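# Reading the structure
Residue strings, one per chain:
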Amino acid sequence: MRRLLMFGLLTVAFAIGTILVGWTAVPVLAALLSLGMRRMEAPRYAAIGAACAWALLLLRVTAFPTASRLLQVLHELFRVPGLLIAALAVVFAGALAWSAARLVAGLVPMRGRD
């Protein structure tokens, strides 16, 4: 239950940070998470939280008619399905959060597993 609450809070934090600041909030929040947790699990938590946040943000955008047009334009531009590009954005958010948290974990002494 504690981990589920942690993922929920991280997802909300990454979503709000992305809305207010943009994608640059993802590595900053992930680094702060890693500094605060000081556990080797921090990069995993950050990656999952950021990916879930961006997936939810993309789902929110699909409520607008312009989103389907955007996916169609992306499909025509890159010659891959628009949904694949949206999925890559989610993967990018997770990878960005993981790498920032992992970098901090490598620089700052961390504790082992719970």
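Residues numbered from 1 in each chain as written. Predicted model: local features only at pLDDT ≥ 70, side-chain atom pairs only at ≥ 80, totals over all residues. Heavy atoms only, no water.

## Considering the overall build of the chain
Across its full length, the chain holds five helices and zero strands. The linear arrangement of helices and strands in the chain, starting from the amino end, is α-α-α-α-α. Expressed along its principal axes, the backbone C-alpha trace of the chain runs to roughly 50 × 25 × 25 Å. Put simply, the chain has 114 residues, and 37% of those count as buried. For the chain, contacts bridging at least 24 residues in sequence account for 77% of all contacts bridging at least 6. As presented, the chain carries roughly 7,300 Å² of accessible surface, and 74% of it is formed by carbon and sulfur atoms. (Helix = DSSP H or I, 4+ residues; strand = E, 2+ residues; numbered from the N terminus. Buried < 20%, exposed > 50% of the residue type's maximum accessible area, 1.4 Å probe, protein only. Contact = heavy atoms within 4.5 Å. Areas by Shrake-Rupley, 256 points an atom, 1.4 Å probe, with all protein chains shown as cover.)

## What to know about the packing of aromatic side chains
Any pair of aromatic rings gets described here by the distance separating the centres and the angle formed by the planes. Tallying each qualifying case throughout the model produces three aromatic pairs. Aromatic side chains Phe-7 and Tyr-45 sit 5.0 Å apart centroid to centroid with 55° between the ring planes, which places their arrangement in the tilted category. One end of the pair, Phe-7, is in helix α1 (residues 2–20); the other, Tyr-45, is in helix α3 (residues 42–61), with 38 residues separating them in the sequence. Between the aromatic rings of Trp-54 and Phe-92, the centroid separation amounts to 6.0 Å while the plane-to-plane angle is 50°, which identifies the pairing as tilted. Of this pair, Trp-54 sits in helix α3 while Phe-92 sits in helix α5 (residues 82–107); the two residues are 38 residues apart in sequence, bridging distant segments of the chain. A relative accessible area of 13% places Trp-54 in the buried class. (Phe/Tyr/Trp six-rings, centres within 6.5 Å; stacked < 30°, edge-to-face > 60°.)

## Concerning the nonpolar core
With 19 residues, the main nonpolar core has Phe-14, Val-26, Ala-30, Ala-46 and Ala-97 as its most contacted residues. Considering each element in turn, this core owes the most residues, seven residues, to α3. In this structure Val-26 touches Phe-14, Thr-18, Ala-50, Trp-54, Ala-93, Leu-96 and Ala-97, once residues within four positions along its chain are discounted. (Core = buried A, V, L, I, M, F, W, Y, C linked by side-chain atoms within 4.5 Å.)

## A short note on a nonpolar patch on the surface
Taken together, the side chains of Val-12, Ile-16, Ile-19, Leu-20 and Val-21 make up a nonpolar region of the molecular surface, amounting to roughly 510 Å² of accessible area. Structurally, Ile-16 can be placed in helix α1. (Patch = residues over 30% accessible without salt bridge, like charges linked within 9 Å, V, L, I, M, F, W, Y side chains within 5 Å. Salt bridge = Lys/Arg side-chain N within 4 Å of Asp/Glu carboxyl O.)

## Some thoughts on the packing of helix α2 (residues 25–37) against α5
Relative to each other, α2 and α5 sit at 40°, their axes nearing to 8 Å. Viewed along their axes, α2 and α5 adopt a mutual orientation that is oblique. Between α2 and α5 lies a crossing whose hand is right-handed. Contacts between α2 and α5 involve Val-26, Pro-27, Ala-30, Ala-31, Ser-34 and Leu-35 from the former and Ala-93, Leu-96, Ala-97, Ala-100, Ala-101, Val-104 and Ala-105 from the latter. Across the contact of α2 with α5, the residue classes tally to twelve nonpolar, one polar and no charged. (Axes fitted to C-alpha atoms, helices over the stretch in contact; angles between N-to-C directions. Parallel < 35°, antiparallel > 145°, perpendicular 65-115°, else oblique. Left-handed = near helix turned anticlockwise from the far one by under 90°. Nonpolar A, V, L, I, M, F, W, Y, C, P; charged D, E, K, R; others polar.)

## Some words on the confidence of the model for the chain
With 97% of its residues at a pLDDT of 70 or more, the chain has an overall mean of 89. When mean pLDDT is compared element by element in the chain, α2 scores highest at 95, while helix α4 (residues 65–78) scores lowest at 80. (pLDDT = per-residue confidence, 0-100.)

## Looking at the layout of surface pockets
Where empty space is left in the structure can be found by rolling a water-sized probe over the atoms. Within this model, the largest pocket holds a volume of roughly 250 Å³. Lining the largest pocket we find 15 residues, and of these Leu-58, Val-61, Thr-62, Leu-71 and Ala-86 sit closest to its centre. Looking at the lining of the largest pocket, the elements with two or more residues in it are α3, α4 and α5. A per-element tally of the lining of the largest pocket places α5 first, with six residues. For the lining of the largest pocket, the per-class residue count stands at 14 nonpolar, one polar and no charged. (1 Å grid on protein atoms, 1.4 Å probe; cavity = no way out; pocket = protein on both sides within 12 Å on 5 of 7 lines; lining within 4 Å. Points joined across faces, edges and corners; volume = space filled by probe spheres on them.)

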